[in-house]
Every structure is written in structure tokens, then in C-alpha cells.
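# Summary of structural features
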Amino acid sequence: MKLFGGKKQTTVPAHRHESVIKAKGSNSTAGSQSATATKTVIHTTAQLQDGQEDKQDAVAAEINHDDAQSLETAVEERQQLEQQVDQLNEQYGTARGHLRSKLLTEKDLLRSQSRRVNQLYEVASEQRNAHFETFGKLQAKRTALLAQIKQNDAHRQELQNSCDKHARTLRMLQAQLATVKKERQSLSDQEHTLIGAINTQSNLTDMMSVINDKRQQITAINAQDHDLKLTLSGLNTSVAQEQTTINKLQEQVRSATQQAADNQQIIDLKHQVEVLTTQLSDQQAQLSKDDEKLGELRSQKNVLSQSFDELADRMKFYFNSTKVIDTYNFDPKRHYVLYSNTLLPLGQLNGEFSLQRIDQLFDNTRTQYDILTTDFNRELGTIWATYQSQGILRHAHDLMNPYLAMQHEGRRQPHQTDIVLPLDQAQDWQVEEGTREQPEKIKSKTSSQVVTLQYRTDRSLSSVMYYQDEQLYKMAIYDSKNVLLATQYADPHDATKAASEIYYRPDHSVALEKVYFPDHVVVQSTEDAKIVEHAFDSEASFYEWWLISHALTSCQDSLIIGTEAPFFKRLLNDSARKFELVPLISSTADTSLIDAIIADDSPINNVLVSNEQVHQSLMDRLNRDMHIQVVDPTGLVTPKPKQKKVKTRIYIPKVG
């Protein structure tokens, strides 16, 4: 990046222009030639008839006078009919030209609508896909939550089932225990009965035999009771174990049930499921709306496709082709803007000033245009005023520039005659060159700091450069009204390059900042000098954003711009652009760019070409309808205007 103070070489592309020969003139000429030829034939016929009358008086005398009058009448009627045919041919040619233009305009509108509907369809499809993806994610999340809840419920159910199983085992053991107790009681009763029978035995002889028998029975009962006692003990142990297991399981079931009821995580899971269910319902409704919108757009696409087919049939019927090339004419209803990288001062203009060639295209029209530049030029306002006063661009109405727009923001400042330099008042400053009111070089007492001032020919302040130890570190730029426009800070390693730049509004608030790095630049626009509104990774990105969001925001705007402009390709493919793009093609060497401009799905319908060679090259590659106009080159050299001088005084703290 060069400093503002360095020489700036700017080239404006030279364009050619072709003159168009209209069919109307050729038809008129053909009609007049036909009429002249007819009169010549009549005159020759009349001469031949006169000669025959001189040589053959006898034959001429026999010619009927009525027949001669009929012949004369027939000739006159034929001449009238020929004139009518000539007029009809001329009208037919004119109407045919208008019809061609209208059909092409209609096709352009259909193509524009189709491109817009296709863009809407793509956006709607992407939205529908995004909504469906969101729906799938929500559904998967809800399924996972339900699976987690189901898993928790299954765990609780498993505990409950285990508890029920052990409870059934416990009841079975308790039933067996009751049976054993009954059997032991029965054995005890039998034992008591046998003992009572022994005690009541009266016959001593039989008593011993009976007693032995009874005793054997008692021994067997005691043995059986012992077995039952052991079984009872085992059953009691099993019952105790089962009861302990049941108690533990019941406690786990109660704990799990209580946890499910009181656990915030489970509550949150259930709440999330409810929320997701609602979101899924809303998303399903959104998908239905998306499908309905896509259906409407498909219907519009079908209608446009049918209209295209009908229009193609008309074009083929009238012109025997579906490809029609027409001359591009400016529409008075549109707002045209012509892009130029800069405005050259009058002294640098030559006979091939390209802006004037474009300006001449607006001759014989009721249309004006604005000039748009994107470079920073402290003299831009003055140059534009000179253009207007000298009538350089007769059809240009206004000037558009992002830096000029910054100067129109905020509170407007009047012309300033007194300028205060931001110098350290603690030091003594000496004026070495110039006068005290208009110094040209100022030094600090220690000579470590030097300030140089540059003036315009009208003595308004142009720039102030600040040096520290003979090294330039800052330069302030002023306009012709002595208003501070920008401050540029030099690279400490290379004073010919800028490290950063700050641009101001008229109220001295910061409007834009640029920071330069070895391989790129960062641009930041600020709001009220405090909040960063937007940030860009290149100047081209900033200019593109400014064009779309600030300069040209209407669909009635048309930007005429050379294809070599650094942000032309970005504008060509930018779907946020509302204005029409009219390429000015000076060369077809960039085949990929030309193919993008003339492609079937290209947003370009109108083109300007610099010369006939470019025109023919474009025509050889063109396979669709297009409005084309060839620029007619002319030149004009304008003398320098006289400049007025203004009064400027510089105030310096403690000037020696």
C-alpha cells in the first residue's frame, strides 16, 4: 500500500463503440429506389410510345383514346400501390424490430423471474433439509431419552419381579414349615397316647410284651420327630434367608421407586421428553409448511417453463430462431450508475477519455447516470466540481464514493480557515520555512521532531507530515475546506508503506479503519467511532458490501462496470445483490469469466462491449438471447480551469 502522498498512477480502460445502422433507414432507401425505378420505366415507356407515334401515325390513329386513359390510370394505381407497399414494408420492418425487442425483453423478465424462483426454491429446499435434519436430531434425542427412561423402569421392574419370586418361595417354605409342625404335633400326640397305654396296662404278663412294643413305636416316633425337627430347622433357616432377601429387594424397589419419583434427573428427563415432543410437533408442522412452499415454487417453475416454451414458439414463428440478439438501449425508468476506479484531473485527460465515450451513449436519450468510484482521493470533490462546471460528462448527474459518503455523515462542518495542529505544548516550536500563519516546516527546540505542511495552489492545507528523528511516522490529509479526512500511519520499517489508516466523519468521529499486514488488509467500519459495525478481510470485500448495502439497494439500479474491476466476479455471483449488473467487456481473453457472463443461468441480460472485435468474438460464443451495445470511441481534451485562492492560517503552540 503506497502512501497518500506518493504518486498514484491510475489507468482508465479505453473502450470502443460501434454505430448501429437501423433497418428503418434501409427500408426507406429501398422504397425510394423502387419508386425512382418505376418512374424511370414509365418515362422510358412514354418515350418509346412517342417514337412509335412519329413512325407509325396510321397505327397510332387507330388506338382508342379510352384505352390510353385506362393505361394511364393503371400506371397511377400501380404507383400508388407501390408506395403503399413501401410504406407497409417500412412499417413492417419497424414493427418487426419492436416485436423482437419486446420478445427479448419478455424473455429477459421470464429468465429473471425463473432465476429468482430457482433461488427461492434452492433456499426453501435447504431450509427444508435443515428443518428435516433438526427433526431427525430431535427425534433421535427423544428416542434416546425414552430408552433411558425405559431402562430405568425395566431395572425397577426386574427388582420387583425378583422380589415377587422370592416372596413366592417364602410362602412355599412357610407352607412346608406348617406341614412339618403338624406332623410333629401328630407324632407327639401318638407318643403321649402310647405312654398313657403303657401306664394303664393291668396284666403283668401281657404288660411287658405290650410295653416293649409300645416302646419300639415310641422310639420310631422319636426318630421320625428328630428328622422332622432337622427339616424344620432347615426350613426356618431358608425362611429367614428368604425373608432377608425379600427385605433387601423390597428396600431396593422402594428406593428405586422413590428415586424415580424424587430424582431431579429423572424429572428432567421426562420434562425434556415433553419438550422434545412439543418441538417435534412444531417441526413436523414446519416441514408441512416447507413442503407446501416447495409445491408452490414447483408450480411457479412449471408455469415459467410453459411460458418459456410458448415464447420460444413465437420467436421461432416470427424470426425462425429461438436466439435473438438486440441492441441494448437505456431505459429512462432505471437508475444507471457508471463505475470508474477514479476520476482523473482535467490536466491528465487525453483524447481517449473513456468516460466520455460512455457518456455519448446517453445522447438522444432521456436518461442520466451517476458516477461511482471507490478510491480515496482528497481532491475528488474538487475534481467532480470541475467536471460539472466544464461540462465534461454532459449526462452525469451525481458522484458516489464510499469515502465521500463518510464526509457527508454526521454534522456538516463549514469551511475552516483556522487549523490547530496537535503538537506537544510542552515543547518550543520554531518555524523554519514559510510564514507564521502559513508555515511549511516546523521544528521542535531539540530538532528531534519535524512537521512539514503542504498547500494547494489556492493555499488551502493539503497534508501535514510528522517526523520523529528524521523518520516519517504519520501524515494527516485535509480536503479543500481544510477539514481533516484521514490519518495515515507509516510502517516503522518502511516509511513508503502504510501500517494503518483512519478515516473520519466531518465531526471527527472515526468512520473506517484499515490495518495492513504483509499478505492482507483488515477493514473495519465503525458506528459512532466506538462500535465495530462490520469487519472485512480485503478492500474488495468492503467495496462489495458498501455497494450492496448502501449505494445500490434498489432493483431499479443498474451498475455499468468493467469486467476487470476487482470485485466484478464477486458481484456476479452475489445472491444478495438487488441491482442489475451491466458488464462492460473490453476483452474476451478470460474465457471462464466470459462463459459465466453468457451462460444460460447467468443473471446478465445486457452487455456493453468496447469495440467490434470484442463484439464479434462474443457473438461467436453466444448461444442465448442478449442485449448488446458497442461503444463508439470519441475523444475530448478539456483545458484546466482556474482556481480560486482561500485563506488558511495555522496555529502552533509556542512558536519562536
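To be clear, the structure that these remarks concern was listed above.
### Observations concerning the nonpolar core
Judged by nonpolar contacts, the single largest core of 53 residues is most densely connected at L547, L559, I561, L571, L581 and I597. It is helix α9 (residues 539-551) that contributes the most residues to this core, eight residues altogether. Y369, L393, I560 and L608 belong to the second largest nonpolar core, which has 28 residues in total.

### Examining the packing of aromatic side chains
The full count for this structure, using the stated rule, is 16 aromatic pairs. Note on Y403 and Y503: the rings are 4.9 Å apart at their centroids and 45° apart in plane angle, and the pair reads as tilted. Of this pair, Y403 sits in helix α8 (residues 402-408) while Y503 sits in strand β12 (residues 494-504); the two residues are 100 residues apart in sequence, bridging distant segments of the chain. Using a relative accessible area of 2% as the deciding quantity, one classes Y503 as buried. Seen from their ring centres, F536 and F542 are 5.7 Å apart, and the 65° between their planes marks the pair as edge-to-face.

### Regarding helix α7 (residues 380-390)
Inspection of α7 places L380, I383, W384, T386 and Y387 among the buried residues, and these make up the whole buried set. Each buried residue of α7 lies within a common arc of 155° when the element is viewed along its axis, so the set occupies one face. Its buried side turned inward, α7 meets β3 (369-372) and β4 (396-400). One or two residues past the end of α7 sits G391, with phi positive at roughly 65°.

### Points about unusual backbone geometry
Although it is not a glycine, N364 sits at a positive phi angle of roughly 60°. Following the sequence through the fold, N364 ends up in the loop between α6 (354-360) and β3. On the accessibility criterion, N364 (84% relative accessible area) is exposed. Of note in this structure, N482 is not a glycine but carries a positive phi near 65°.

### Remarks on empty space enclosed by the protein
The tally for this structure, following the rule as stated, stands at two cavities of 30 Å³ or more. Put simply, the largest cavity is a space of about 40 Å³. F376, Y403, M406, Q407, L485, Y503 and Y504 are the residues that line the largest cavity. The set of elements that each furnish at least two residues to the lining of the largest cavity consists of α8 and β12.

### Considerations on the pattern of salt bridges
Should the charged atoms of two oppositely charged side chains come close, the side chains can pair. Per the counting criterion, the structure on display carries eleven salt bridges. R78 serves as the salt-bridge partner of E82, at 3.2 Å between the closest nitrogen and oxygen. With E82 and R78 both in helix α3 (residues 65-199) and four residues apart, the pair spans about one turn of that helix.

What counts and what doesn't
- Residues numbered from 1 in each chain as written.
- Predicted model: local features only at pLDDT ≥ 70, side-chain atom pairs only at ≥ 80, totals over all residues.
- Heavy atoms only, no water.
- Core = buried A, V, L, I, M, F, W, Y, C linked by side-chain atoms within 4.5 Å.
- Buried < 20%, exposed > 50% of the residue type's maximum accessible area, 1.4 Å probe, protein only.
- Helix = DSSP H or I, 4+ residues; strand = E, 2+ residues; numbered from the N terminus.
- Phe/Tyr/Trp six-rings, centres within 6.5 Å; stacked < 30°, edge-to-face > 60°.
- Arc of directions from axis to C-beta.
- Contact = heavy atoms within 4.5 Å.
- 1 Å grid on protein atoms, 1.4 Å probe; cavity = no way out; pocket = protein on both sides within 12 Å on 5 of 7 lines; lining within 4 Å.
- Points joined across faces, edges and corners; volume = space filled by probe spheres on them.
- Salt bridge = Lys/Arg side-chain N within 4 Å of Asp/Glu carboxyl O.

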